[in-house]
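Summary of the model geometry
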Amino acid sequence: MLEAIERKFRNLAPAVDFCSLRVVRERHEMLSVRRNIIQPVRRSEDWGAMITVHENGGLGYAATPDLGSDGLRHALEQARTWARASRGRHLVALSDLDRRVRSGDYRSPVRKPWDSLSLQDKLGLLQQECQRLKAAEAIVEWQAGLWHSEIETLYVTLDGSRLTQQFRYLLPSLNATAHHQGETQSRSFGGDAYLRQGGLEILEDTGFYDAAPRIAAQALTLLAAPNCPAGTLDVVLAPDQMVLQIHESIGHPLELDRILGDERNYAGTSFVTPELFGHYRYGSELLNVTFDPDHGEQIASYGYDDEGLPAQREYLIEQGILLRPLGGAISQSRAGLPGVANSRASAWNRPPIDRMANLNLEPGTSSLDDLFGRTENGLYMETNRSWSIDDSRNKFQFGCEWGQVIRDGELGAVVKNPNYRGLSAEFWRNLDGVGDARSFQVLGVASCGKGEPNQMIRVGHAAPPCLFRQVAVFGGE
Amino acid sequence: MMQETFHRLADELMNTLHGNEALTCSFNGEESAFVRFNHSQIRQAGHVTQQSITVDLSADLRHAAAEITLSGEWATDRARLQELLAELRAIRAQIPEDPYLLYATDVCSSERIHPNQLPEATAIAEQVLDAGVGHDLVGILASGPIHHGFANSFGQRNWHSRASFNLDWSFYLKADKAVKSRYAGFAWDEAAFRDKVRMASRQLDLLARPARTIVPGTYRAYLAPAALEEITDLLGWGGFGLRAHRTGMTPLMRMVEQDARLSPWLTLRENTAQGIAPDFQAAGFIRPAQVTLIEQGGYRDCLVSPRSAKEYGVPGNGAENGETPLSLDMAPGTLPLARVLETLDTGLYIGNLWYLNYSDRNAARLTGMTRFATFWVENGTIQAPVNVMRFDDSLFHLLGDRLLNLTAERELLLDPGSYGGRSSRCSRLPGALLEGMHFTL
């Protein structure tokens, strides 16, 4: 089928400076059991193509779900209309772009395919886990779910590039909410952080089978817990909160399209400016951050980005020094800076823009117990539940589901509503401990929103737990 | 064209049903031009055609649903849908009854097709580029028709088509100092657009003054409608749905369990009659013209989806499964817009807020940032732009005991959002004068 679409495209494409076709086929299945009731099984299939044309200095695109000759011909005409309309008024010097011809293929590693378990068995598993979440009368809302996705892409250019990629994703979820006398507290299986590439092996790899009783018990514990204390304390963040900290205060500020101003009307700008690369101290010497497509199970591992650039591991921050932004070929050309292969589109109907892919904080040398042991008066926080940051990605405030006091190196009482706030530009310089490889977890963010028109995309973050000094923390009312 | 194709495909599907099978089909489609601007030039420009159908096949309370993209090519779509129906039958056979399945059986057909009055998007883009000359303009133009449809095996047919534009843009002065504007509607008026550009230019002049950094504390404040929209949007996320209320997850729980009240100025309605979203939903139910959510500060009704209606044994009111408002309407107050600065006297004029979330959902405590045009006002006169600040405060203060008045004039704010597809959501909001708003960072 993809070959037939490619043949039609090659036959129809006009003689222009550049012309590409990106075909995306997505299939999703969502299974959920809520309050012990199987929810409607939902499947979806989305299939379409994006055509991009560069012609005489103008660039236009057109997206169509009609993959027949008539549909592709019409899309080509629409893309050329916009290429003509933008001629002489386009922000990007198209003649400067890297247009090397490439070919290749990428496939998600899958050990236990989704279909190796029947629908009934999968629903049975979710029923069992859902029932285990209802541990007490005070649990008023509880849910277990699996969201499986299969995505195939074909990227071809008129001048000979041909790239095919095939992805398999699974997002397991568990949630329990406890309520008593006006107080509500929720606990989850890492939020959406356990989204990974692969098959049903992800359930075992992430500890899904053991999680439900713990989640229910923790929701009940939170219900009776005191509020998080307020003050300036040392903080140890678990990997499923580090995900959000990296995402908001390293990932977004380093997106080159934000630095170049494309997002100023919507997602925002960045406190990072182009002249900072190469020497700016972003964090302490313990901070090492990579763009890393090499963890096969991580959500945004891929062979090529959506403009055909091959993905390879790069340090963005090394020993605390800012080295390289998150920018694809177009942004690299505009800024005159090196970047990475991160030009990504959320679907066939959106043009690629600079996104995070796998953005990881590399492991250090401390065990989790070492991090606690080095904390005299502090807090341990797990699992993000609230996030807010300014449009320059500097002033942030984040909240977590679970908090525990650390006193004299020992983990102690549970506290509810743990929040902390700070400035990105200062926070990472107070990084004073990084967990080792054993504590390093491959996680991600299932829905990162950005772009005009809007695009929601999956990104990966892997991190160990980390210790930060002198953080402003506080609780609820 | 999309209407004819959808109804023809739905008819075909209905003709192939077996025995007591029931089928609902809902349709979403758009033909949109998107032009993205940066530095008063075009960054990305193109066209998106998309259409999808969601079918839900049921019999004896066993059902399964699927959504597929339609190509627009008749034979291809017909074949895909027949395959899909067979797939759904196979799923149905493997699952138990769904006790909360509810769909409309009383036939209530409708057709609302508004004539397309939009000029070519290339012509609008030309005017935007002209307006950007001498400025640093950044933003997005979306333009074209949006379609929604519904059909079921009981004979109900609904269709709603409307062409709209939404230009969401900013003039930047430097760094994060900018004026954000929105011009949206159904017929492009060049003179109205030029007025918006002139207003934005005037505010830009004010931003050129040296910026002031305020220290954390509580300040008297005025929230322009676009700023208030950020608060009502957050509140809409789990605030008004019946499911959120019955599971203790609404931030308004204190209004339900402890008789807490917001300000008597505050009346909020889901006003479908005055909105731009269709009045039918995915299970075929017709939304009432209005649902009063909060009346003079007291909690009134929830938004109730068909599924929640069945689960909790209450009448539904046409909400989709998310139970979020689509056409939120806040009643006006008595403060004339022209007297806002004078009445504010000394404090913050906040044009926009940004990135709101809960710092304590249970207590309806919110945090977020100021953004774009926010000014320090003294003695009723704008003095200086203010560097971005983080607020952290309870909704029961902001729209409760510290809400002094709302403006008599309101703005209709069409949502520029386009995740998945262009939004048909809107809000009609006044501005809000607050005795105090607490800033922390």
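For clarity, every value in this text was computed on a predicted model and none was experimentally measured. (Residues numbered from 1 in each chain as written. Chains lettered and ligands numbered in written order. Predicted model: local features only at pLDDT ≥ 70, side-chain atom pairs only at ≥ 80, totals over all residues. Heavy atoms only, no water.)

**A closer look at the interface of chain A and chain B**
Frequently, the measure chosen for interface size is the accessible area that the parts lose on association. Listed as interface residues are 88 residues of chain A and, on the opposing side, 90 residues of chain B. Across the chain A/chain B interface, buried area totals approximately 7500 Å², and carbon plus sulfur atoms make up 48% of it. Area buried by chain A at its contact with chain B is led by Trp82, Arg89 and Arg264 of chain A, which between them contribute 11% of it. Taken together, chain A and chain B are joined by 10 salt bridges. At the boundary of chain A with chain B, the tally comes to 65 residue pairs in polar contact (both at pLDDT 80 or more). Among the residues forming the side of chain A that touches chain B, the class breakdown is 32 nonpolar, 31 polar and 25 charged. Alignment of strand β3 (residues 42–55) of chain A against strand β3 (residues 62–69) of chain B, held across 4 bridges, turns out to be parallel. Among the inter-strand pairings, Ser44 of chain A is bridged to a residue of β3 of chain B, identified as Glu67 of chain B. (Contact = heavy atoms within 4.5 Å. Buried area = accessible area lost by both parts, 1.4 Å probe. Salt bridge = Lys/Arg side-chain N within 4 Å of Asp/Glu carboxyl O. Polar contact = N/O pair within 3.5 Å; in protein donor to acceptor, adjacent residues only side chain to side chain. Nonpolar A, V, L, I, M, F, W, Y, C, P; charged D, E, K, R; others polar. Pairing = 2+ DSSP bridges. Helix = DSSP H or I, 4+ residues; strand = E, 2+ residues; numbered from the N terminus.)

**Some points on the packing of aromatic side chains**
All names here are of chain B. Evaluated as defined, the whole model comprises 33 aromatic pairs over all chains. Judged by centre distance (5.3 Å) and plane angle (35°), the ring pair of Phe27 and Trp159 falls under tilted. A residue pair is termed long-range when its members are at least 10 positions apart, and Phe27 in strand β1 (residues 22–38) and Trp159 in strand β6 (residues 157–174) qualify at 132 residues. Using a relative accessible area of 2% as the deciding quantity, one classes Trp159 as buried. Ring centres of Trp354 and Tyr355 lie 5.4 Å apart, and the angle between their planes is 80°; this geometry places the pair in the edge-to-face category. (Phe/Tyr/Trp six-rings, centres within 6.5 Å; stacked < 30°, edge-to-face > 60°. Buried < 20%, exposed > 50% of the residue type's maximum accessible area, 1.4 Å probe, protein only.)

**What to know about unusual backbone geometry**
The amide bond that connects Glu452 of chain A to the next residue, Pro453 of chain A, takes the cis arrangement and shows omega of 0°. Tracing the chain through its elements places Pro453 of chain A in the loop between β22 (441–450) and β23 (455–463). The phi dihedral of Asn56 of chain A falls on the positive side, at around 50°, and the residue is not glycine. Inspection of the secondary structure puts Asn56 of chain A in the loop between β3 and β4 (58–64). Accessibility expressed as a relative area gives 47% for Asn56 of chain A, which makes it partly exposed. Non-glycine residue Tyr355 of chain B carries a positive phi angle of around 55°.

**Quick word on helix α5 (residues 225–236) of chain B**
Think of an α-helix as turning once every 3.6 residues; residues three or four places apart then point the same way. Residue and element names in this part refer to chain B. Taking 1.5 Å per residue, 12 residues should reach 16 Å; α5 reaches 16 Å between its end C-alpha atoms and fits that length. Among the 12 residues that make up α5, 10 are buried, leaving the element largely enclosed by the rest of the structure. Turning to α5, its buried residues are Pro225, Ala226, Ala227, Leu228, Glu229, Ile231, Thr232, Leu234, Leu235 and Gly236. Remark: Gly238 follows α5 within two positions and exhibits a positive phi of approximately 90°. (Expected span 1.5 Å × (residues − 1).)

**With respect to the pattern of salt bridges**
All names here are of chain A. Taken as a whole, this structure holds 58 salt bridges over all chains when the rule is applied. Of the charged contacts, one joins Arg393 and Glu248 as a salt bridge, the two residues approaching to 2.3 Å between their closest N and O atoms. Of this pair, Arg393 sits in the loop between β17 (377–389) and β18 (395–407) while Glu248 sits in helix α6 (residues 239–254); the two residues are 145 residues apart in sequence, bridging distant segments of the chain. Just as Arg393 is buried, Glu248 falls in that class too. Glu362 is paired through a salt bridge with Arg313; the nearest N and O atoms lie 3.0 Å apart. Linking Glu362 in the loop between β16 (359–361) and α9 (368–373) with Arg313 in the loop between β11 (289–291) and β12 (314–318), this pair joins segments that are 49 residues apart in sequence.

**Description of the nonpolar core**
Counting 141 residues, the largest nonpolar core has Tyr282 and Trp428 of chain A as its most contacted members. Core analysis: the next-biggest nonpolar cluster, separate from the first, contains 51 residues, Ala227, Ala309, Leu348 and Leu406 of chain B among them. (Core = buried A, V, L, I, M, F, W, Y, C linked by side-chain atoms within 4.5 Å.)

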